[in-house]
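# Observations on the three-dimensional arrangement
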Amino acid sequence: MTERDDAVSLGEAHDLEAVRDALVEWYEADHRDFPWRQTDDPYAILVSEVMSQQTQLGRVVEAWEEFLERWPTTAALAATDRADVVGFWTDHSLGYNNRAKYLHESAQQVESEYDGSFPESPEELQELMGVGPYTANAVASFAFNNGDAVVDTNVKRVCYRSFSVPDDDAAFETAANDLMPDGRSRVWNNAIMELGGVACTQTPRCDEVGCPWREWCDAYASGDFTAPDVPTQPSFEGSRRQFRGRVIGTLREYDELEVDPLGHRIRVDYAPDGEYGREWLTGLLSDLEDDGLVTLERGGSPAETVARLQR
DNA sequence: GTCCGGGAGC
DNA sequence: GCTCCCGGAC
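- Within an unreviewed UniProt entry, the label attached to chain A reads Adenine DNA glycosylase, and the organism entered is Natronorubrum sediminis.
- Of chain A, the UniProt comment under Sequence similarities (unreviewed entry) reads exactly: "Belongs to the Nth/MutY family."
- For chain A, the Cofactor (unreviewed entry) comment in UniProt is given as "[4Fe-4S] cluster".

The structure is reproduced here in structure tokens:
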């Protein structure tokens, strides 16, 4: 037993069927329709995965379409000169040329070792050059509905916040696989990555996008939205101005809010008694009050102060 | 010689 | 995120 024996499995703490159904329903009702979500061609999916590893999704769409137009199959790609592929990579600002080299080489592998048709298991897919555990799972899932849970930073963030999974790679993998419904890796991995991509973002948008896990989510309950990949200190200057803006934005959504819940929605590293806590926020709110933007209702204790937008 | 973890570089 | 390289263990 390599697992921590004091860890409570997700299945014991939650109705997993309900949790799974809620996410899949949410995903199927509405999601971003990237072109690679409309194919099950493993080659096209591999190309999208390799491109996505280093480039913003928006930019990838155009490059992906052009790449597949030029080299529609592994056979076409394998037959071309490596220099052409690297050239394409550079022309489209796709980052490290190594990936182009790996893609070219993996196409040749599929042609020579697999007779032109992709293997379907994550284990075999990993034999391809440039394809590690992550990409193998993604291709197996999206092309063949035959993968395990994909664990990227989005998925980690979701698990960490929703179910308080400890910041530990093995724990994330176990949790992600416990959550995934058997035999549904295609829709599931799309759905949980979509959740991390549009709802459970670094600054969370739970209510704005109607996160389907709010009723089970530890972070939503506590207001603590810290996560492994979220910087504890804001990286850029002028943060006070930034936070004034967030206060206003948040108060437009909630009629009124007490200081602590407000603080947690303003900055992920908010802690009532911390450096950027209640004292800091109260100062910020007082300034906004002086500027005629916010109304404060002082309660019995500092924590009971309620803020609303001045009408 | 082979397997594994860590760190560097793309 | 993946490969490559190195050092240590066996």
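Next comes the rest of the account.
## Re the UniProt feature "domain: HhH-GPD" (unreviewed entry) in chain A
- Per the UniProt record, "domain: HhH-GPD" (unreviewed entry) is found at residues 51-198.
- With 68% helix and 0% strand, residues 51-198 has its two end C-alpha atoms placed 20 Å apart.

## Some words on the domain arrangement of chain A
- Domain assignment breaks chain A into domain 1 (10-32 + 149-199), domain 2 (40-144) and domain 3 (239-309).
- Domain 1 and domain 2 are separated by 26 Å when their C-alpha centres are compared.
- Across the contact, 10 residues belong to domain 1 and nine residues belong to domain 2.
- Together domain 1 and domain 2 conceal approximately 670 Å² of surface at their shared face, both sides included; 55% is due to carbon and sulfur atoms.
- Inspection of the domain 1/domain 2 interface yields zero salt bridges.

Conventions and cut-offs
Residues numbered from 1 in each chain as written. Chains lettered and ligands numbered in written order. Predicted model: local features only at pLDDT ≥ 70, side-chain atom pairs only at ≥ 80, totals over all residues. Heavy atoms only, no water. UniProt positions renumbered as here; feature names shortened; annotations may be inferred. Helix = DSSP H or I, 4+ residues; strand = E, 2+ residues; numbered from the N terminus. Domains from an automatic or database assignment. Contact = heavy atoms within 4.5 Å. Buried area = accessible area lost by both parts, 1.4 Å probe. Salt bridge = Lys/Arg side-chain N within 4 Å of Asp/Glu carboxyl O.

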